[in-house]
Amino acid sequence: MTVHQGGVATAAVAARRRILDANWPYQLLTFALFAAAWELYARERGGLLLPGFAETVRATAGLLADAELWRALYVSNQALVLGFGLALVVGVPAGILLGRFRLLERYTDVYLNILLVTPMAAIIPLLVMSVGVGLASRVLLVTVFSVVMVVVNCRTGVRQVDPSLIEMARSFGAGERQIWARILLPGALPAIMTGARLGIGRAVTGMVIVELLMVSDGLGGLILRYRGLLKAPQLYGTVVIILAEALLLISLARWGERKLTRWARTQTAGGAR
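> Break down the side chain of Asn77 for me, with residues and values.
Relative to the helices and strands, Asn77 is located in helix α4 (residues 67-100). Residues in contact with Asn77, not counting those within four places in the same chain, are Met207 and Glu245.

> Outline the pattern of salt bridges, supporting the account with residue identities and numerical values.
A side chain of one charge can pair with a side chain of the opposite charge when the charged atoms of the two come close. Counted under the stated rule, the structure contains 5 salt bridges. Between Arg225 and Glu68 there is a salt bridge, with its nearest N and O atoms 2.2 Å apart. Separated by 157 residues along the polypeptide, Arg225 in helix α10 (residues 218-228) and Glu68 in helix α4 bring together distant segments of the chain. Residue classification places Arg225 among the partly exposed positions, given a relative accessible area of 39%. On the basis of relative accessibility, which here comes to 27%, the residue Glu68 falls in the partly exposed class. Across the salt bridge formed by Arg138 and Glu211, the nearest N and O atoms sit 3.6 Å from each other. Placement of the pair is Arg138 in helix α7 (residues 135-159) and Glu211 in helix α9 (residues 176-213), with a sequence separation of 73 residues. An identical accessibility class is assigned to Arg138 and Glu211; each is buried.

> I'd like a description of the side chain of Asn153, backed by residues and values.
Within the secondary structure layout, Asn153 lies in helix α7. Take Asn153: its relative accessible area is 15%, and that puts it in the buried class. If sequence neighbours within four positions are ignored, Asn153 has contacts with Ala191, Thr194, Gly195 and Leu198.

Calculation rules
Residues numbered from 1 in each chain as written. Predicted model: local features only at pLDDT ≥ 70, side-chain atom pairs only at ≥ 80, totals over all residues. Heavy atoms only, no water. Helix = DSSP H or I, 4+ residues; strand = E, 2+ residues; numbered from the N terminus. Contact = heavy atoms within 4.5 Å. Salt bridge = Lys/Arg side-chain N within 4 Å of Asp/Glu carboxyl O. Buried < 20%, exposed > 50% of the residue type's maximum accessible area, 1.4 Å probe, protein only.

Given below as structure tokens:
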């Protein structure tokens, strides 16, 4: 009986340690504090333009049952999927080539710096004047928003590959194709996945900004409509849904990153030991 009680106590301690080591209890606590502060502030200082947390939750649930929201999600995510897909198709090879060939980087580095420092909202009118108001302009803006993150991280990943591995492979007679397939691409994969994860967040930002500033359609159009009608709960609910979608996509990207780069974490842990 004493042995059994000791085993139960040990299991309880282990379970409590696993809970304390996990992130979700702290995230739930932070969210609860945020929701309570929001509700209290809205009751004390809020008004027509600041709904409470509970009212926003009810409005969000109502929006999820509205066909208009799903139509807006479909319209917006067309640009998101196409634009981010184009950013990956262009950004991953470009970043890898820039990381491998320094001469190519000399000619293109200034343009990357321009994309990094230029306020993206400033180029929306240029895109609209060039390609018109429609899906093409929204896709291009999402691509411009996200591609720079993909390129920069892919370039960094290639640069972080140990040069001694490349020299060793060459000393054993490996050709350029084998170096790419066996050393450069596997070594750069963690950074490539990081670039994709950061790029998806920027892609969601670009999707919403272009709809808010120039093309009043999709989720951005809903935000403008609810703002004009002073429907604050629905406005906040739409923003909550956009944030939830962004967090879901980033979580999926992080899950894919863990699955594809599990060997890198195992190798790092083995080196630490």
